[in-house]
Amino acid sequence: MSEFIHLTSKNHSLIIKSGRVPEILHWGAKIASIDEDLLLSTERPISQARLDVDVPLSLCPELGSGHFNAPGVEGHRDGLDWAPVFNTTRVEANTTDVEANVQQATFVLEDTVAKLELTVEIKLDYQSDVVQKRVTITNKGDSKYYLNKLSSTLPLPNHANELMTFHGRWCHEFQTQRQRFEHGGFMQENRRGRTSHENFPEMFAGTQGFSEQQGLVWGFHLGWSGNHQMRADVRSDGRRFVQAGELLLAGESILEPQASYQTPWLFGCYSNSGLNGIAQRFQQFVRDNIIDFPTDKPRPVHLNTWEGIYFDHKPEYIMQMATEAGVMGVERFIIDDGWFIGRDGERAALGDWYLDEAKYPNGLEPVIDHVNQQGMEFGLWVEPEMVSQDSNLYRNHPDWVLGLQGYHQPSGRWQYVLDLQNSECFDYLFSRLDDLLTRYNITYLKWDMNRELVQPGHNGKAAVHGQTQALYRLVDQLNEAHPEVEIESCSSGGGRIDLEILKRTHRFWASDCNDALERQAIQKGMSYFFPPEVMGAHIGPAECHSTNRRHSINMRGVTALMGHMGVELDPVKESQEEKKAFSHYIALHKRFRHILHSGRSFRMDPADKNQNIYGVQNDDEMLITVCQLAMPDHALPSPLRISCVEDNAQYKVKLVEMPQTSFQLMKQRPQWLDKTLTLSGDNLKEIGLTLPILDPESALIVHLEKM
Ligand code: DGJ
């Protein structure tokens with residue numbers, strides 16, 4: 001006998017039909033109540049030349065019951081019990097209190113032949129409308145169960161016929177691509193041992209041509225920092241689904257009797273207002289449920305020393321940099337790579353987490369004191385999971401390397417990964433980090449991770465799963481010991497950006513690419529899921545170190561100030577003019593930080609495809625950035641039609657930022673650029689604001705205040 005479970009949130013409904021197996025019947029706009037005839041009206045016909053029974057697309061599809069696409073679970077008991085079929089034995093649902101933060105349902109299913117139990121948990125967050133799902137499998141037999149795969153499956157409606165997925169690489173994170181989604185599908189498999197630049201675990205499906213502002217869209221993110229598999233499939237009967245879970249290497253999950261394996265959380269979200277509706281919901285969810293800043297102070301503006309001095313550490317000089325940084329308005333000063341014993345370049349010393357006294361003969365304290373005296377916090381770079389072959393740690397403990405005996409393991413950036421499941425190694429790393437945080441007044445760690453896992457073996461067995469969990473344990477243990485310290489998740493830039501690592505960290509280094517033009521795309525891709533206050537964005541030198549391209553300070557400043565802002569250069573060597581500009585953009589960021597770091601983000605579908613238009617708003621004000629990425633498409637710009645205003649409200653509209661050099665493409669500028677306008681919502685929405693003609697690779701910011 002089927003029954004419906006109706007989870008509701010502020011705007012959405014999730015209706016699950018609970019028969020032999022649970023099946024989502026609707027996930028989208030809110031349904032007031034379930035009609036009595038819904039069971040009949042949704043009954044599927046049975047087509048010719050197929051199985052004689054209806055096969056539900058369940059929350060854990062089964063090969064054994066005739067789901068011929070990717071099953072939710074795969075495994076065996078020495079070759080037996082490889083096609084399990086489950087029956088629901090228990091359903092628990094909390095759907096009563098509509099205002100409750102979370103409505104949830106838990107289904108317990110059993111296969112008495114294969115002796116397996118499945119627990120499917122699904123939650124709907126009331127405030128943000130975000131869905132979370134995970135599955136647990138328990139071995140109820142008396143022999144080992146070799147689990148090959150356990151994934152979370154969420155269905156999509158048939159009108160979701162276009163996919164947007166992510167690709168990328170170092171310095172080129174969060175790139176998107178589109179494809180039709182009518183037959184076949186898309187699959188990404190990440191075997192790099194970290195979340196990765198290449199296979200960011202997120203995708204979108206929607207109605208054809210869905211855009212920033214238009215269309216029905218479903219978004220998905222897997223919260224996991226190791227290997228994963230993520231796919232979207234259209235079955236030959238037209239039904240379609242997204243499936244994501246950990247990619248288990250051979251033998252990584254062998255379940256002893258009574259042992260369980262649990263998937264990472266899969267996060268999902270629906271929007272009827274394009275990608276904006278997804279981004280706003282995910283960002284709210286992340287703010288309310290994931291981010292846990294030690295204090296609610298504003299996010300401090302950073303100076304990170306990496307591109308300023310690389311490995312050339314001289315305490316007196318660093319103090320000079322700190323003095324300049326303080327004058328510019330920087331609030332947190334971070335010493336990057338190069339401070340520890342023997343670290344004169346990238347080929348040595350990882351693992352030896354002791355101060356290099358040859359470089360810092362008076363210790364680190366005078367530098368930290370100086371930084372603090374300039375009114376700034378102090379942060380330090382570490383890369384705990386790694387070891388250089390040329391290090392004392394490696395010389396003393398070559399067996400601590402994560403690897404496989406009998407093979408030659410390639411190094412990456414001349415370094416190897418440490419086996420965090422080796423308890424001695426784990427304890428060593430914890431004690432070194434704990435000692436640093438206890439000894440020095442450090443309030444921030446930049447936690448880097450600069451290579452992929454090749455031959456990740458622990459005692460000969462595949463160990464990405466165990467390594468990932470041990471990493472979480474290490475960070476958790478450190479957070480517990482030093483709750484006031486914030487941690488940045490960096491992995492050669494954006495190689496470890498996901499929700500599970502964010503539960504225990506406080507900022508992401510989005511990319512090693514500080515080229516503002518590239519950053520426009522990288523930050524756009526990242527913003528569909530993560531709010532600006534965790535998106536590290538720095539002003540780099542005029543000539544970008546990773547692309548050799550030059551950008552004006554206007555383009556660099558505007559791009560960085562919309563995230564969690566910082567600067568990444570040597571202020572001592574910069575001209576007075578540049579330094580004045582850094583101060584200007586830092587001040588602008590601070591002026592609007594309250595809205596940038598708590599408001600609703602939005603993007604606009606530009607009439608000119610060479611523009612990137614994005615903004616952030618709260619109930620009283622709005623900040624909009626228009627970035628001209630390349631040559632304007634037409635001689636005159638299209639009016640900026642601001643759709644997220646209130647029709648009947650009046651707004652004070654003022655330009656707060658535009659290129660400081662002369663305009664090349666415009667000989668007469670609109671007069672309003674020097675005035676404050678008063679405009680009503682419907683005028684702004686329907687008629688719009690005429691913009692100046694922006695030169696390529698420049699940007700402006702407009703501020704709107706509701707009167
Ligand atoms: C890679 C990071 O992404 C950079 O920001 C910097 O910290 C270097 N590592 C240091 O080695």
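Placed above this text is the structure.
Residues numbered from 1 in each chain as written. Predicted model: local features only at pLDDT ≥ 70, side-chain atom pairs only at ≥ 80, totals over all residues. Heavy atoms only, no water.

A.B. asks: Mind laying out the overall build of the protein chain, listing which residues take part and the relevant values?
C.D. replies: In terms of helices and strands, the protein chain carries 13 helices and 37 strands. Computed over its C-alpha atoms, the radius of gyration of the protein chain comes to 27 Å, within 12% of the 27 Å expected for a compact globule of 707 residues. C-alpha extents for the protein chain along the principal axes are approximately 80 × 70 × 40 Å. The buried share of the protein chain, taken over its 707 residues, is 61%. Contacts in the protein chain between residues at least 24 apart in sequence constitute 69% of all its contacts with a sequence separation of at least 6. (Helix = DSSP H or I, 4+ residues; strand = E, 2+ residues; numbered from the N terminus. Rg over C-alpha atoms; globule rule 2.2 N^0.38 Å. Buried < 20%, exposed > 50% of the residue type's maximum accessible area, 1.4 Å probe, protein only. Contact = heavy atoms within 4.5 Å.)

A.B. asks: Give a description of the sheet that holds strand β3 (residues 22–29) that names residues and reports values.
C.D. replies: A sheet is described by the order of its strands in space; here 3 strands give the open sequence β1-β2-β3, paired in antiparallel fashion. Each edge of the open sheet carries a strand with a single partner, namely β1 (3–8) and β3. Put simply, the sheet's adjacent strands are angled 20° from each other on average, direction ignored. Relative to strand β2 (residues 12–18), β1 is paired through 6 bridges, and the arrangement is antiparallel. In the sheet register, T8 faces β2, and the bridge partner there is S13. (Pairing = 2+ DSSP bridges. Axes fitted to C-alpha atoms, helices over the stretch in contact; angles between N-to-C directions.)

A.B. asks: So, the environment of R519: which residues are in play, and what are the values?
C.D. replies: You can see R519 is positioned in helix α10 (residues 516–527). By relative accessible area, which is 2% here, R519 ends up buried. The spacing of R519 and L124 is 395 residues in sequence and 33 Å in space, taken between C-alpha atoms. Those residues in contact with R519 that sit more than four places away from it in its chain are W509, A510, S511, C513, N514, K524, G536, A537 and T559. For R519, the side chain forms a polar contact with the main-chain oxygen of C513, separated by 2.8 Å. For R519, the side chain forms a polar contact with the main-chain oxygen of G536, separated by 2.9 Å. (Polar contact = N/O pair within 3.5 Å; in protein donor to acceptor, adjacent residues only side chain to side chain.)

A.B. asks: Outline the sheet that holds strand β32 (residues 600–604), supporting the account with residue identities and numerical values.
C.D. replies: Pairing in this open sheet of 6 strands is antiparallel, and the strands run β32-β33-β34-β37-β35-β36 from one edge to the other. Every other strand in the sheet has two partners, leaving β32 and β36 (676–680) as the edge strands with one partner each. Neighbour-to-neighbour, the strand axes of the sheet open up by a mean angle of 25°, direction not taken into account. Relative to strand β37 (residues 698–706), helix α11 (residues 553–561) is tilted by about 45°, and along the sheet it contacts β33 (611–617), β34 (621–628), β35 (650–657) and β37.

A.B. asks: Mind laying out unusual backbone geometry, listing which residues take part and the relevant values?
C.D. replies: Most peptide bonds adopt trans geometry, and most residues besides glycine take a negative phi value. Phi at A349 takes a positive value of approximately 85°, unusual for a residue other than glycine. Along the chain, A349 falls in the loop between β21 (332–335) and α5 (365–373). In this structure A349 comes out as buried when scored by relative accessible area, which is 2%. A positive phi is found at N459, a non-glycine position, where the angle reads about 50°.

A.B. asks: Quick rundown of the site of the ligand? Include the residues and the values.
C.D. replies: Taken together, 13 residues form the shell around the ligand, and within it D336, D337, K446, D448 and D512 come nearest. A distance of 2.4 Å is found between an oxygen atom of the ligand and a side-chain nitrogen or oxygen belonging to D512. The protein chains hide 98% of the 290 Å² of surface that the ligand would expose on its own. When the residues that make up the shell around the ligand are grouped by side-chain class, the tally is 4 nonpolar, 3 polar and 6 charged. (Near = heavy atom within 4 Å. Areas by Shrake-Rupley, 256 points an atom, 1.4 Å probe, with all protein chains shown as cover. Nonpolar A, V, L, I, M, F, W, Y, C, P; charged D, E, K, R; others polar.)

A.B. asks: Kindly report on helix α12 (residues 576–596), identifying the contributing residues and their values.
C.D. replies: A turn of α-helix holds 3.6 residues, and therefore any two residues three or four places apart point the same way. When the terminal C-alpha atoms of α12 are compared, their 28 Å separation across 21 residues agrees well with the 30 Å that a helix rising 1.5 Å per residue should span. Along α12, the residues that are buried comprise E578, K579, A581, F582, Y585, I586, L588, H589, F592, R593, I595 and L596. (Expected span 1.5 Å × (residues − 1).)

A.B. asks: Hey, could you go over the packing of α11 against α12 for me, with residue numbers and the actual values?
C.D. replies: Viewed as axis vectors pointing N to C, α11 and α12 meet at an angle of 30°, and their least axial separation amounts to 9 Å. Classified by the interaxial angle, the pair formed by α11 and α12 is roughly parallel. Crossing geometry of α11 relative to α12 is assigned as right-handed. Across the interface between the two elements, I553, N554, R556, G557, V558 and L561 of α11 pack against E578, A581, F582, Y585, L588, H589 and L596 of α12. Here the contact of α11 with α12 is composed, by residue class, of 8 nonpolar, 3 polar and 2 charged. (Parallel < 35°, antiparallel > 145°, perpendicular 65-115°, else oblique. Left-handed = near helix turned anticlockwise from the far one by under 90°.)

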